[in-house]
There are 2 protein chains.
Amino acid sequence: MLSVDLRKGVVKVLEIPQPQRPQGFALIRLVCGGICNTDLELQRGYYDFSGTPGHEFVGEVVEADSAEWVGKRVVGEINLACGVCPTCRAGMGRHCPARTVLGIVKHPGAFQEFFTLPEKNLHTVPDGVSIEHAVFAEPIAAACEILDQAPIPAGDTVAVLGDGKLGLLIAQVLLSHGCRVVHFGKHIEKLRISERSGASVELGGALPEAAYKWVVEATGSQSGLEAAIRMTWPRGTIIMKSTVHGPVSFDAAAVIVNEITLLGSRCGRFEPALELLKIGKIHLDAMISERMPLSRAPEAFMRAAGKNVLKVLLTA
Amino acid sequence: MLSVDLRKGVVKVLEIPQPQRPQGFALIRLVCGGICNTDLELQRGYYDFSGTPGHEFVGEVVEADSAEWVGKRVVGEINLACGVCPTCRAGMGRHCPARTVLGIVKHPGAFQEFFTLPEKNLHTVPDGVSIEHAVFAEPIAAACEILDQAPIPAGDTVAVLGDGKLGLLIAQVLLSHGCRVVHFGKHIEKLRISERSGASVELGGALPEAAYKWVVEATGSQSGLEAAIRMTWPRGTIIMKSTVHGPVSFDAAAVIVNEITLLGSRCGRFEPALELLKIGKIHLDAMISERMPLSRAPEAFMRAAGKNVLKVLLTA
């Protein structure tokens, strides 16, 4: 079978044997994969990754312990938790210290014709949701995590910094929740996507100071946090969504004097994401820049890293 | 009257005229002042301070609009809020952008024979609380602010990093709240104060990793936050109490991946602090290193900056 291989920054497509299905796992045939910024960061050396990347996917279950899964179109939780440690027993499987992560940490990813994932990680794609929309379930879940962590009331205004893929999904999730969104970015054609969904948009220029109670930092840059701190009200909250690597420097005195809350935020539950997809609240078509077959993965990765490119999909 | 003057790092005692009392203000005679680390930081150039420092005090009201204040022993809120801006109207006077701050920002401090403070900032020292204990009301309020911000249940374990004056008060406030406290520090004689109040103490050595749900960072050092992040559980909370100046560098990816909450925390309400003093829950005698008259303020400041010194009091 075809499998994408990422090693020392080089993306190749290899012919390898189909994986064995361990007990409790489903064997899944890839239908569609999405290239995420994390995949591009793996390519740059983050997590010392080598192997098969890919964690945004829609697949078809071909084998499973429970027969009812077979033939189902699925998406899946990417964290493989041990299920027995204190963290898992506390209901925080996504933080299990022994976890592996699909296509990121010690579990081969979805960018291959067949891959495995525990059955308990799977979610059926709701009827009426297209494959190309369902492939966004994982990053939408990451955007929804914000609302699981921060009690942002509908009607409140939220500033979103950064108009990359995640920033765009966050803006739409917050709009769906009933928030007013002011979306700050550097790419007018990307901001237009948020604007069409109802956000106010601000292109470049000076950022307002002490202006927002809620700020989502999704710039992906080292300087994003400093900007977010300057924009936040006393006692306001900054949700940190940019997994910047290496040390980040910030004005701790400003955070303390203004009693700002910084909230680290990563993966989220799939349930609210699938619900939003089901009711058609998230507009995704404009976010798909390109579709390429798995066999052209090296080119797709290059394309995904390009300026003004949003989601690049890999099709089986 | 005698007044402490701090300018370009030099502490002097000057003879100056007694201040005028504006309407709404009380004229207060200093009874006892406490030298805080912030005073020492003002001496080092923080906030470009020049003038009379001092914000921890017990005083006697000698003149006021309302006659009932006269003769009362008082402590006082140090933030002078405008009272009319949106921040003040939202009940966040301690964050008023137009605020001045007693002995810190544009309002002459308490280290002089007479000073002024708005009547609305005053709190009567409860009967049965000694002057030398009441002078700790302001830093105890800052410690109590933690419990106003973070919903730490009684019975939960909290790690406190740093055994300076504020760290010691924080440990005692948390113990009074019913928390278990593990106090990490570098000075055994300071940690003993916490130990006698019921904390477990850890002197120097390696800090445990991912071990606490609640961590209070009160080291006053640049490296404290990094240490706190390493010690915190996934989805745990770090309360930031060290007003370190200049940029602080930290591992933002760890905060995001582990979804840690960082909570900046500054001044607090006086009510819970006075209540704790009233019921005698905070043991303060061991925290008083020295008492000196106002006239010896330069020597007192030097002494307060010394190693192994805790609170230095200035007496009228």
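Residues numbered from 1 in each chain as written. Chains lettered and ligands numbered in written order. Predicted model: local features only at pLDDT ≥ 70, side-chain atom pairs only at ≥ 80, totals over all residues. Heavy atoms only, no water.

**As for the packing of aromatic side chains**
Link 1 in the chain: Tallied over the full model, the rule gives nine aromatic pairs over all chains.
Link 2 in the chain: A centroid spacing of 6.2 Å and a plane angle of 85 degrees characterise the contact between Phe111 of chain A and Phe301 of chain A, whose relative ring orientation is edge-to-face. Taken together, the residues Phe111 of chain A in the loop between strand 9 (106-107) and strand 10 (114-118) and Phe301 of chain A in helix 10 (residues 297-304) connect sequence positions 190 residues apart. A single burial state applies to Phe111 of chain A and to Phe301 of chain A, both of which are buried.
Link 3 in the chain: Relative to Tyr212 of chain B, the ring of Phe184 of chain B has its centre 6.0 Å away and its plane inclined at 80 degrees; by these criteria the two rings are edge-to-face. Here the residue Phe184 of chain B occupies a position in strand 13 (residues 180-185), and Tyr212 of chain B occupies one in strand 15 (residues 212-217), the gap between them amounting to 28 residues.
Link 4 in the chain: On the basis of relative accessibility, which here comes to 12%, the residue Tyr212 of chain B falls in the buried class. (Phe/Tyr/Trp six-rings, centres within 6.5 Å; stacked < 30°, edge-to-face > 60°. Helix = DSSP H or I, 4+ residues; strand = E, 2+ residues; numbered from the N terminus. Buried < 20%, exposed > 50% of the residue type's maximum accessible area, 1.4 Å probe, protein only.)

**A closer look at the interface of chain A and chain B**
Link 1 in the chain: In this assembly, 36 residues from chain A lie in contact with 36 residues from chain B.
Link 2 in the chain: With both sides pooled, the region where chain A packs onto chain B buries about 3000 Å², and carbon together with sulfur makes up 59% of that total.
Link 3 in the chain: Counting the contacts that link chain A with chain B gives two salt bridges.
Link 4 in the chain: With its nearest N and O atoms 3.7 Å apart, the salt bridge here joins Glu145 of chain A to Arg235 of chain B.
Link 5 in the chain: In this assembly, chain A and chain B are joined by eleven residue pairs in polar contact (both at pLDDT 80 or more).
Link 6 in the chain: Elements represented by at least two residues in the side of chain A that touches chain B include exactly helix 4 (137-149), strand 16 (232-240), strand 17 (248-250), helix 8 (252-257) and strand 18 (261-264) of chain A. (Contact = heavy atoms within 4.5 Å. Buried area = accessible area lost by both parts, 1.4 Å probe. Salt bridge = Lys/Arg side-chain N within 4 Å of Asp/Glu carboxyl O. Polar contact = N/O pair within 3.5 Å; in protein donor to acceptor, adjacent residues only side chain to side chain.)

**Thoughts on the sheet that holds strand 14 (residues 200-203) of chain A**
Link 1 in the chain: As summarised here, the arrangement of the twelve strands in space is 14(A)-13(A)-12(A)-15(A)-16(A)-18(A)-18(B)-16(B)-15(B)-12(B)-13(B)-14(B), forming an open sheet in which the pairing is mixed. Edge positions in the sheet fall to strand 14 of chain A together with strand 14 (200-203) of chain B, since each has one partner strand and no second. The sheet shows a mean angle of 20 degrees between the axes of neighbouring strands, taken without regard to direction.
Link 2 in the chain: By the bridge criterion, four bridges tie strand 16 (residues 232-240) of chain B to strand 18 (residues 261-264) of chain B in an arrangement that is parallel. (Pairing = 2+ DSSP bridges. Axes fitted to C-alpha atoms, helices over the stretch in contact; angles between N-to-C directions.)

**Details of the pattern of salt bridges**
Link 1 in the chain: Enumeration according to the criterion identifies 29 salt bridges over all chains in this entry.
Link 2 in the chain: A salt bridge links Glu60 of chain B to Arg29 of chain B; the nearest nitrogen and oxygen atoms lie 2.8 Å apart. Here Glu60 of chain B, found in strand 5 (residues 56-63), pairs with Arg29 of chain B, found in strand 3 (residues 25-35); they are 31 residues apart in sequence, far enough to count as distant.
Link 3 in the chain: In this structure, the salt-bridge partner of Arg94 of chain B is Glu145 of chain B, at a minimum N-O distance of 3.1 Å. Note that Arg94 of chain B is positioned in the loop between helix 2 (86-89) and strand 8 (100-102) and Glu145 of chain B in helix 4 (residues 137-149), a separation of 51 residues in sequence. Exposure class is identical for Arg94 of chain B and Glu145 of chain B. Each is buried.
Link 4 in the chain: Members of the salt-bridge network, linked through shared partners, are Glu77, Arg94 and Glu145 of chain A together with Arg235 and Glu259 of chain B.

**Points about the relation of the copies chain A and chain B**
Link 1 in the chain: Least-squares fitting of chain A to chain B yields an RMSD of 0.0 Å, with the superposition described by an axial translation of 0.0 Å and a rotation of 180 degrees. Given the turn and translation reported, the copies of this chain are related as if by a two-fold rotation axis. Closest approach to the rotation axis within chain A is made by the C-alpha atom of Ser249 of chain A, at a distance of 2.0 Å.
Link 2 in the chain: Counting the interface residues of chain A, we find that 100% of their copies in chain B are interface residues as well, pointing to one common contact surface. (Least-squares fit on C-alpha atoms with pLDDT ≥ 70 in both.)

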